[in-house]
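Summary of structural features
Listed below, chain by chain, are the residues.
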Amino acid sequence: MIPRQEHVKRAIEIALVGSHTVTLIAQGDPGDAFALAGWLNAYQPDTARVVRPCPCGNRGSDRAVCSCSADARLAYQAQPEIVQALLADLIITVPNMMAFPDTRGEPDERVQERVAAARRRTVVEERVDPDQRPFVSTLHDSAATSLLKAAIRQLPMSGTRIRQMLAVAGSIAKLADVPQIGAAHLAEAFVYRPRWDEA
Ligand SMILES: [Zn+2]
């Protein structure tokens, strides 16, 4: 119904696999995001929080226009609690009118079973030394290694953020039931990094 809804559900499932921390960026009415955070926190206490993309809440929405000035938006995004919220492992934009949980489509038990199975799996530990440049990666998939190196060159990411992203990619690999992180897992993990301009 809502194009990005599947994306949100997918991200929540990944968060459950790796016990990742989550920040939901609520566009428009934050009711759906709070419902989603409540659902997630019922499974993993206090790992999810909700923030707005800007003071009016409509930044990035395709349903309403943001009325904030650029200065107001930047001042908002610089607030310590907002900066802190963006340090979560997964940053997920939740569009308004998601109608959660009525359109989730499958029972919670199925999600729980899939998550439990994924949590029992292991992926090859990735060792990336953020203090070492160029980054040395032990990613077995050469396409994944190339992608990681390219991303590190192009994106302003801290060592902590890179480690978080690899952990998220590891959870994605577990859901896919493969023993190592591949380029597709890494590419998906990149999606969940903070991106205010696109939020
Ligand atoms: Zn706004």
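Below you will find a few notes about this structure. (Residues numbered from 1 in each chain as written. Predicted model: local features only at pLDDT ≥ 70, side-chain atom pairs only at ≥ 80, totals over all residues.)

Grouped together as the largest cluster of nonpolar side chains are 40 residues, with contacts concentrated most on Leu 24, Leu 90, Ile 92 and Ala 169. Ranked by residues supplied to this core, first place goes to helix H7 (residues 159–175) with 8 residues. Built from parts of two domains, this core gets at least three residues from each of domain 1 (5–117) and domain 2 (121–198). Other than its neighbours up to four places away in sequence, Leu 90 contacts Ala 11, Ile 14, Ala 15, His 20, Val 22, Val 168 and Tyr 192. (Core = buried A, V, L, I, M, F, W, Y, C linked by C-beta atoms within 7 Å. Buried ≥ 20, exposed ≤ 12 C-beta atoms within 10 Å, placed from the backbone. Helix = DSSP H or I, 4+ residues; strand = E, 2+ residues; numbered from the N terminus. Domains from an automatic or database assignment. Contact = placed C-beta atoms within 7 Å.)

This next bit is on the environment of Ala 48. Inspection of the secondary structure assignment puts Ala 48 in strand E2 (residues 48–51). Spatially, the C-alpha atom of Ala 48 lies 9.4 Å from that of Ala 15, the residues being 33 residues apart in sequence. Not counting residues within four places of it along the chain, the set of residues in contact with Ala 48 comprises Val 22, Leu 24, Ala 37, Leu 40 and Asn 41.

Turning our attention to the pairing of E2. As paired elements, strand E1 (residues 22–26) and E2 share 4 bridges and run parallel to each other. By the bridge assignment, Leu 24 is partnered in E2 with Val 50. Between the parallel pair E1 and E2, the chain is carried across by helix H2 (residues 31–43), and the sense of this crossover is right-handed. (Pairing = 2+ DSSP bridges. Right-handed = clockwise from strand over helix to strand, strands pointing away.)

Moving on to the packing of H7 against helix H8 (residues 183–191). Here H7 crosses H8 at 125°, and the two axes come no closer than 8 Å. By the angle between their axes, H7 is oblique relative to H8. H7 and H8 meet at a crossing whose hand is right-handed. Side by side, H7 and H8 meet where Met 165, Val 168, Ala 169, Ile 172 and Ala 173 of the first sit next to His 185, Leu 186, Glu 188, Ala 189 and Phe 190 of the second. Partitioning the contact of H7 with H8 into residue classes produces 8 nonpolar, 1 polar and 1 charged. (Axes fitted to C-alpha atoms, helices over the stretch in contact; angles between N-to-C directions. Parallel < 35°, antiparallel > 145°, perpendicular 65-115°, else oblique. Left-handed = near helix turned anticlockwise from the far one by under 90°. Nonpolar A, V, L, I, M, F, W, Y, C, P; charged D, E, K, R; others polar.)

Let us now look at the packing of helix H6 (residues 142–154) against H8. At their nearest, the axes of H6 and H8 sit 8 Å apart, and the two run at 30° to each other. Considering the angle they form, H6 stands roughly parallel to H8. Contact residues: H6 offers Ala 143, Ala 144, Leu 147, Leu 148 and Ala 151, while H8 offers Ala 183, Leu 186, Ala 187 and Phe 190. For the contact of H6 with H8, the per-class residue count stands at 9 nonpolar, no polar and no charged.

We now examine the sheet that holds E2. Pairing is parallel across the open sheet formed by 3 strands, whose spatial order is E2-E1-E3. Strand pairing shows two members of the sheet lacking a second neighbour, E2 and strand E3 (90–94), which therefore form its edges. Across the sheet, the mean angle from the axis of one strand to that of its neighbour is 25°, orientation sign disregarded. Of the strand pairs in this sheet, E1 and E3 are connected by 5 bridges, and their pairing is parallel. Bridge pairing in E3 places Val 22 opposite Leu 90. Sheet strands touched by H2: E1, E2 and E3. Its angle to E2, the strand with the most contacts, is close to 170°.

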